[in-house]
Amino acid sequence: MRTPLLASLLALSITGLLPAQSGQAAGSSLPAEWVSALQWRSIGPAAMSGRIVAFSVIEDEPRTYWVGTGAGGLLKTTNGGISFEHQFTQEGSYAIGDVCHAPSNPDIVWVGTGEQNPIRSLSYGDGVYKSVDGGETWEHKGLRKSFMIGRIAIHPRNPDIVYVGAQGRLYGPNEERGLYKTVDGGDSWEKILEIDDQTGVIDLKMHPREPDTLLVVSYQRMRDAYDGGRLPMDAGPGAGIWKTTDGGKNFKRITDGLPDNLTRSGLSYCYSNPDVVYAIIGQTRLGQTAGRGGGGNRGGGQGPREGVQGDSKVGLYRSEDGGDSWDLVNNQLGASWDYYFYGKIYADPVDPQRVYFLNVRSQVSEDGGHSFQSFTGGGVHSDSHALWIDRGNPEHLLLGNDGGVYETMDRAQTWEHLNKNALGTFYHVAVDERPIYWVYGGLQDNGTWAGPNRSRGRGPVNGDWARIGGGDGFVVFSHPDDPDLVFYESQNGNMSRRHLKTGESTRIRPAAGDGPRPRFNWKTPMLLSHHDSKVFYCAGNMLYRSENLGDDLEAISPELTFTERGAATAIGEDRFDAKLLYVGCEDGALWVSRDAGENWEEISGKLEGMPGPRWVASIETSRFKAGRVYAAFDAHRSDDDDPYVFVSEDSGETWTSITANLPWGSTRTMREDVENEDLLYVGHEFGVFASLDRGTSWTRINNNLPTVSTHEIAVHPTAGEIVAGTHGRSFWILDVSALRQMNAERISQAASLYAPAPYQRLRPGLSLGQNGMHGFVGQNPPAAAVIYYSLAGDAGKVEMEILDEAGEKVRDIQLSDGNKAGLHRVLWDTRTNPAAAPEGGRGGQRAGRGAGQRGGRGRRGGRGRRQGPQAELGAYTVVLRVDGEEQAQEILLLPDPGR
């Protein structure tokens, strides 16, 4: 029961504990400068790591090197991989094509953005960046529309001379493709090799002794709007190998000994004998595709692959004259190897007869390429994309693949997995409703995982995460009534459910019938009904429904795609009317049924302002109003990188764009908050955005969240948090309790104190064994109650104190710069004021933490301050006093919820 004093203090809060109301005025955007108070926390996991595409190792000091990731930014180590530093975290893009340091000055580092591998989930870039301090800071140096960088080479003696191979767009033509050169450190660029607007540069190698001599690989490729494994264009007359001996003033196309119609190819000089050059050559007939999608256990077999047999021109080539002419050495490396996803060859720097070929299962030859054997073994992840061989010790190798970084010191006899960085490439994220809730996600080529959002130790570690399924993981969620019952999937509609306690597993798949054959997207949409949690929906070319958790699926729609290749990518069920269903497809078709699937209407033409059919990325039905539905569209597969978000208030009959001020970059998902109908979240190619006014305006809320593509956002129903499923940096969590209470009025108030989320005081956990001293440890929430307040302008005097239920003060909170305009985040360690030391005694210990700041030391011989005891569990009041005006909010200290 509240005392009168407590009740009167609570009444002083103008807006109280209620979230922002609907119908806000236009322009109630979150001020960008307030975002600095929003602190994301990384929880991992790091167990499976993520795709690695490049290494740059200082040869004279191989303990220092950089790691370029396909979608997770840049890593640097100075101690041989014992620990890594994340660099390049807040730049304009985060996908890496290549990283290269200057041999004459290792502090000069170049990064080319946009992954070099043209896969389905590719993240594109915005040009090249340069650092002159070893990666601590970066400057954008141009080529903004190059989209994907294939390779960088730097002159060994003059670091101002740099070559960059630009691949260009993946889903359309552009003029920025080709080989570029700068002689002034990136201040200006000259395109020195241009083929056409469909052909870019995928590889280039500089002669180890003669830096004006370069070999260059051009590659003609393009994807279309579908998620199939094959590239509709993966070869063409523009593809080939080129050579210059005068630094790019003149090029000649190499044809002697090479086949026509090349796909992706790769090169490697022998460092000890540069006359010897190896090439891995792909070939296909025009109009045909080169191979299947990457990620499976195909091709590159386990046994020896020997010599030249038959007429195939695909395989390993060797040159004895520096690349002027070539001989086919081995065409038995696996005719089905996926050219577009691999195409890497590495010659040993000491032994010209030893050469490594990276593929699904990577291989090594000891006889100049005539025969090959697998060199990675069963403990190393498949799908390799980068290799470094130590010139001073060729038994020392670094290998990068879809599972992260591996190191061997005995020439691949044994490997160590350096999985201490959270680089997970997640397609999806979901949460359950437990107090210490679990987070679920599916990711590229690394299956489906689940683990706790926090721990009773320092933070979640790799051992806290459990693998649920294999393959490429996508949509996953737990049953609302039984969190141990998990629904998950791998590519092309391979859906299952599994009970984590009993181990029972059941495959979910429509039975073959007389109707159209089921056809599923690489990522299959599925959900449980909001009205009956036994009802399961999934969609491919049709929408399927089950009355019993996925068993006995039945089609409840005709074919819903515009094309015979298309499949569904998003589904939705109205939260007020179980008969109101939506399906969106990769080819842009968008459908609604208002009678549980009896009849269907195609409604994509009602999206006013949409330039044409676009991939439907997400469908979100409102929790607050029947018939309100949101749709986000990821248009980059249609050669369109603009964002698109729409809302309908009448069950899809009419639509309004709420894209507003969202910047350039694909919209991957859009979700509605669970408490405030005006608060929306967008997962974007380059960050996370929030709207406080239901899409009238948007603010990027990344702060310490890296610039990374966010494919999904889960809004927890009770914890006051959202979880971002990033495609490159695993899971990040943000406390949104203050955002839920913001609107135009509160933002413009001189001062506003927001109702804090309850604080749960966890008991310490057992001290468990650790996986080494340098393994990954995720971030727990602060061991403190979090309090937010905002000031519209600078104030004179700002004070904060905590009162107990009797209205007695138990803690003064010290505020650092607490009178400055903006949003403030304050941490109360839930301790009371310390008792004063006896007069004349020795100064007290360091004061307890107030607003997240270190307390001052007591003076010697004075009234020192000691750390106060923990406050009892229960209800307290936060009082904020700004220039004499008071506001108050209740805060609850709750017990450990148990497991």
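As a starting point, this report considers the structure included with it. All values derive from a computational prediction rather than experimental measurement. (Residues numbered from 1 in each chain as written. Predicted model: local features only at pLDDT ≥ 70, side-chain atom pairs only at ≥ 80, totals over all residues. Heavy atoms only, no water.)

Focus on the sheet that holds strand E35 (residues 477-479)
Working step 1: Spatially, four strands are ordered E35-E36-E37-E38 in an open sheet, and the strand pairing comes out antiparallel. Each edge of the open sheet is held by one strand with a lone partner, namely E35 and strand E38 (505-508). Strand-to-strand twist across the sheet, computed as the mean angle between neighbouring axes with direction ignored, equals 25°.
Working step 2: Bridging between strand E36 (residues 482-490) and strand E37 (residues 494-499) involves six bridges; their strand directions are antiparallel. Following the sheet pairing, Tyr488 is matched in E37 by Ser496. (Pairing = 2+ DSSP bridges. Helix = DSSP H or I, 4+ residues; strand = E, 2+ residues; numbered from the N terminus. Axes fitted to C-alpha atoms, helices over the stretch in contact; angles between N-to-C directions.)

Side note on the nonpolar core
Working step 1: Formed by 31 residues in total, the largest nonpolar core has its most connected members in Leu30, Trp40, Ile701 and Met742.
Working step 2: Elements that contribute at least two residues to this core include exactly strand E53 (687-691), strand E55 (710-715), strand E56 (721-726), strand E57 (731-735), strand E60 (785-791) and strand E63 (822-828).
Working step 3: Apart from residues lying up to four places away in sequence, Leu30 is in contact with Val35, Leu38, Leu692, Thr699, Ile701, Leu739, Met742 and Ile747.
Working step 4: In terms of nonpolar packing, the next biggest core, distinct from the first, is built from 29 residues, Ala239, Ile241, Leu262 and Val277 among them. (Core = buried A, V, L, I, M, F, W, Y, C linked by side-chain atoms within 4.5 Å. Buried < 20%, exposed > 50% of the residue type's maximum accessible area, 1.4 Å probe, protein only. Contact = heavy atoms within 4.5 Å.)

Digging into the packing of aromatic side chains
Working step 1: A complete count under the given rule lists 24 aromatic pairs for this structure.
Working step 2: Ring geometry for Phe147 against Trp664: centres 6.4 Å apart, planes inclined by 65°, an arrangement best described as edge-to-face. Here Phe147 is found in the loop between strand E9 (139-140) and strand E10 (149-154), whereas its partner Trp664 is found in the loop between strand E50 (656-657) and strand E51 (667-672), with 517 residues between them in sequence.
Working step 3: Using a relative accessible area of 31% as the deciding quantity, one classes Trp664 as partly exposed.
Working step 4: Ring pairs connect the aromatic residues Tyr124, Phe147, Trp664 and Phe686, which therefore count as one cluster.
Working step 5: Between the NZ or CZ atom of Lys145 and the centre of the ring of Trp664, over which it lies, the distance is 4.6 Å.
Working step 6: Looking at Arg209, its charged tip hangs above the ring of Tyr271, at a distance of 4.9 Å from the centre. (Phe/Tyr/Trp six-rings, centres within 6.5 Å; stacked < 30°, edge-to-face > 60°. Lys NZ or Arg CZ within 6 Å of the ring centre and 35° of its normal.)

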